[in-house]
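Fold and geometry: a report
Each chain, written out:
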Amino acid sequence: MPSVMDFTLHDAIMTAFNEDQQNWDQGMIKVYDNFVNDFLYADIDNILIFAGNHDTNRINGDGLYNCDLKKYKLAMTLVLTTRGIPQIYYGDEIGMEGNRDTDGDGDIRRDFPGGWNGDEINAFKNPTDYQKGFQDFTKRLLNYRKNKSVIHDGKLLQYVPENNCYVYFRYNDDSRVMVVINNNPEAVTLNLDRFQEGIDKRKKGFDILTGEKVNLSDSLKVPSKTSMVIDLDKIKRKERFF
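The notes below deal with the structure included here. (Residues numbered from 1 in each chain as written. Predicted model: local features only at pLDDT ≥ 70, side-chain atom pairs only at ≥ 80, totals over all residues. Heavy atoms only, no water.)

Considerations on the nonpolar core
- Counting residues in hydrophobic clusters, the biggest one holds 39 residues, and the most contacted among them are Ile 13, Phe 17, Val 31, Met 76, Leu 78, Tyr 166 and Ile 181.
- Looking at this core, the elements that each hand over two or more residues are α1 (7–16), α2 (29–36), α3 (69–81), α5 (129–145), α6 (149–153), β4 (165–171) and β5 (176–182).
- Here this core takes 7 residues from α3, the largest share from any one element.
- Residues in contact with Tyr 166, not counting those within four places in the same chain, are Met 28, Val 31, Tyr 32, Phe 35, Leu 78, Gln 158, Tyr 159, Pro 161, Val 179, Val 180 and Ile 181.
- Listed in part, the 19 residues of the second largest apolar core include Leu 157, Val 167, Val 188 and Ile 230. (Core = buried A, V, L, I, M, F, W, Y, C linked by side-chain atoms within 4.5 Å. Buried < 20%, exposed > 50% of the residue type's maximum accessible area, 1.4 Å probe, protein only. Helix = DSSP H or I, 4+ residues; strand = E, 2+ residues; numbered from the N terminus. Contact = heavy atoms within 4.5 Å.)

Here's what the structure looks like:
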């Protein structure tokens, strides 16, 4: 087969974002360790990465993320910006629940709410406020990703997590994106001197998740349980992914 599924990353995603503290076997170090072993693969850009599928528990279900939108955002930031080919299991983008361990495979394979005559809830046309929180984040990140080729096939430069905050870059000769995933329940301040190889002399960036400019000249404060996707290129048309 030309591609394999990154089950080791999936396993890390299932636990890491429920672990507030970092240790040698806890928190974001699990994600970092997964990519340390990328040398084992012939083509890391051809690996399928995912947070869940029809044979695994739903990430938003009871016992995993428990419908916590912040944890979903952290996990999907990783899935949609790291190396490889992302797969999203239907319904995760609206916070669908399901527990395979207690209710079997049928519970993680429920009908999507909407699309057929007689459906009382239609998440396609009229998502609830809860569903819309998941959907809006997913749409924004995907709309950015689809036109950002460096995320598709750029190199990955990662740094050892500190304080349960993980930083990596996707880059090539022409483009760079800085990704920050703070899995700490407290805000973390990053000394940007540590990341100068990735920043590559840039002084400013643009967080596509908030639509705000980011000053990269000194330090960067990252709120608790928050991710940032900082475009280090010149942004001319912000509306293209909003």
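Notes on the pattern of salt bridges
- Under the counting rule described, the total for this entry stands at 15 salt bridges.
- Across the salt bridge formed by Arg 83 and Asp 38, the nearest N and O atoms sit 2.8 Å from each other. With Arg 83 in the loop between α3 and β2 (85–87) and Asp 38 in the loop between α2 and β1 (48–50), this pair connects stretches of sequence that are 45 residues apart. Comparing Arg 83 with Asp 38, the two get one shared label, buried.
- Linking Asp 231 and Lys 148 is a salt bridge whose minimum nitrogen-to-oxygen distance equals 2.9 Å. Linking Asp 231 in strand β10 (residues 226–231) with Lys 148 in the loop between α5 and α6, this pair joins segments that are 83 residues apart in sequence.
- A cluster of three or more residues bridged by salt bridges with shared partners is formed by Asp 55, Arg 100, Asp 105 and Arg 109. (Salt bridge = Lys/Arg side-chain N within 4 Å of Asp/Glu carboxyl O.)

Describing the packing of α3 against α5
- Running from N to C, α3 and α5 cross one another at 20°; their axes reach a closest spacing of 11 Å. If you check the angle between α3 and α5, you find them roughly parallel. Relative to α5, α3 is oriented so that their crossing is right-handed. Touching Leu 69, Tyr 72, Lys 73, Met 76, Thr 77, Leu 80 and Thr 81 of α3 are Gly 133, Phe 134, Phe 137, Thr 138, Leu 141, Leu 142 and Arg 145, all from α5. (Axes fitted to C-alpha atoms, helices over the stretch in contact; angles between N-to-C directions. Parallel < 35°, antiparallel > 145°, perpendicular 65-115°, else oblique. Left-handed = near helix turned anticlockwise from the far one by under 90°.)

Here we look at the environment of Met 5
- Along the chain, Met 5 falls in the segment before α1.
- For Met 5, a relative accessible area of 36% corresponds to the partly exposed category.
- A C-alpha to C-alpha distance of 9.2 Å links Met 5 and Asn 46, two positions 41 residues apart in sequence.
- Not counting residues within four places of it along the chain, the set of residues in contact with Met 5 comprises Leu 48, Phe 50 and Asn 53.

Interpretation in functional terms is not warranted from these geometric data alone.
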